[in-house]
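The residues making up each chain are set out below.
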Amino acid sequence: MKKITSLLLILIMLSVCSFSVNAKEGNCKNVIESVLNDFNSTNEKCGSSPQQQVNGSYRCVDLLYIIAYELDDGTHTDKIDALYDTLYENNNDCEGSSQQIRNGMYRMMEFFEVIARELDKNGDYAERIDAVMTEYETVDTSSSGTSEQCANGAYRCAELLEIIALEFDEEGLFSDEIGKIADDLVLKDKNCPGDSQKLANGSYRMAEMLRVIAGILDKDGEYTDEIGEIETNFLENHKTCNGAPQQSVNGLYSCVDYLSVIANVLDI
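Residues numbered from 1 in each chain as written. Predicted model: local features only at pLDDT ≥ 70, side-chain atom pairs only at ≥ 80, totals over all residues. Heavy atoms only, no water.

Peer 1: Before we go on, may I ask you to explain helix 6 (residues 126-142) in this structure?
Peer 2: Given 3.6 residues per helical turn, the α-helix brings residues three or four places apart onto the same face. Taking 1.5 Å of rise per residue, 17 residues should cover 24 Å, and helix 6 covers 25 Å from first to last C-alpha, within 8% of that figure. Residues of helix 6 that are buried include every one of Ile129, Val132, Met133, Tyr136 and Val139, and no others. The buried residues of helix 6 occupy an angular sector of 125° when the element is viewed end-on, so they sit on one face. Exposed residues pointing more than 90 degrees away from the buried face of helix 6 are listed as Glu127, Thr141 and Ser142. Where helix 6 is buried, its residues contact helix 5 (97-119) and helix 7 (146-168). (Helix = DSSP H or I, 4+ residues; strand = E, 2+ residues; numbered from the N terminus. Expected span 1.5 Å × (residues − 1). Buried < 20%, exposed > 50% of the residue type's maximum accessible area, 1.4 Å probe, protein only. Arc of directions from axis to C-beta. Contact = heavy atoms within 4.5 Å.)

Written out as structure tokens, the structure is:
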């Protein structure tokens, strides 16, 4: 298991060096394609659902790094770089997939926070963003272990994505759909008997929020078919999932696909 995990880490680390600088320079389509190629090749070497969860969460961070730069006016540059460096610095100290998943989920959450603040030009959502991050800190401090921390990260990601979706939805055309997904996070949590199910719940709601955001941003309809295909694959894969770990993989892998669309749309 350690050898497989080490191989996964090496593959992930190799991909970082290839695009970490290029993401700052614009024209990111080749960089995005490289991330997806690495995502697919790493998936072929994953021997379990937890390793796939690591692959999915780390690739989400790769794409969020690009998106954060695409939206940045220079205010958050240092933080964006620091967050990305933290993912791989922390990775060196991770002992097994569970700690890597926590690392990935927490860095995703922190990137979503940055993006939410980048979009919040007038500070209208500042209190809501602060409240999510306060809840994260509270749960993290009182958590009993990495599984609870992973679920904490997933739930906070979904909550921050609700804010981001509302920020992008300037005309309020998708407010009902966004609200329903947010409500589902809370309602389905009541049926989650453990942290594994909560991670799946959070991952699914993230994917659904990202689907809405991708649709909002794709104003010209260039990616309509691709967004529809991702949703169809997500729903079909759900039918074959055998338990919460595979559902989490389904959710996170769909997040990777949606984030790649979003990154491409924002690459102007």
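Peer 1: Sorry, what's going on with helix 11 (residues 244-266) here?
Peer 2: Between its terminal C-alpha atoms helix 11 stretches 32 Å, which fits the 33 Å expected from 23 residues at 1.5 Å a residue. Counting buried residues in helix 11 gives 19 out of 23 residues, a clear majority hidden from the surface.

Peer 1: How should I be thinking about the pattern of salt bridges in this particular structure?
Peer 2: A pair can form between side chains of opposite charge whenever their charged atoms are brought close. With the rule as written, the count across this model stands at 13 salt bridges. Of the charged contacts in the structure, one is a salt bridge between arginine 117 and aspartate 130, with a shortest N-O distance of 2.7 Å. Here the residue arginine 117 occupies a position in helix 5, and aspartate 130 occupies one in helix 6, the gap between them amounting to 13 residues. For aspartate 130, a relative accessible area of 39% gives the class partly exposed. One network of salt bridges, in which partners are shared, links Lys79, Glu113, Arg117 and Asp130. (Salt bridge = Lys/Arg side-chain N within 4 Å of Asp/Glu carboxyl O.)

Limitation: the analysis is restricted to geometry and does not speak to function.
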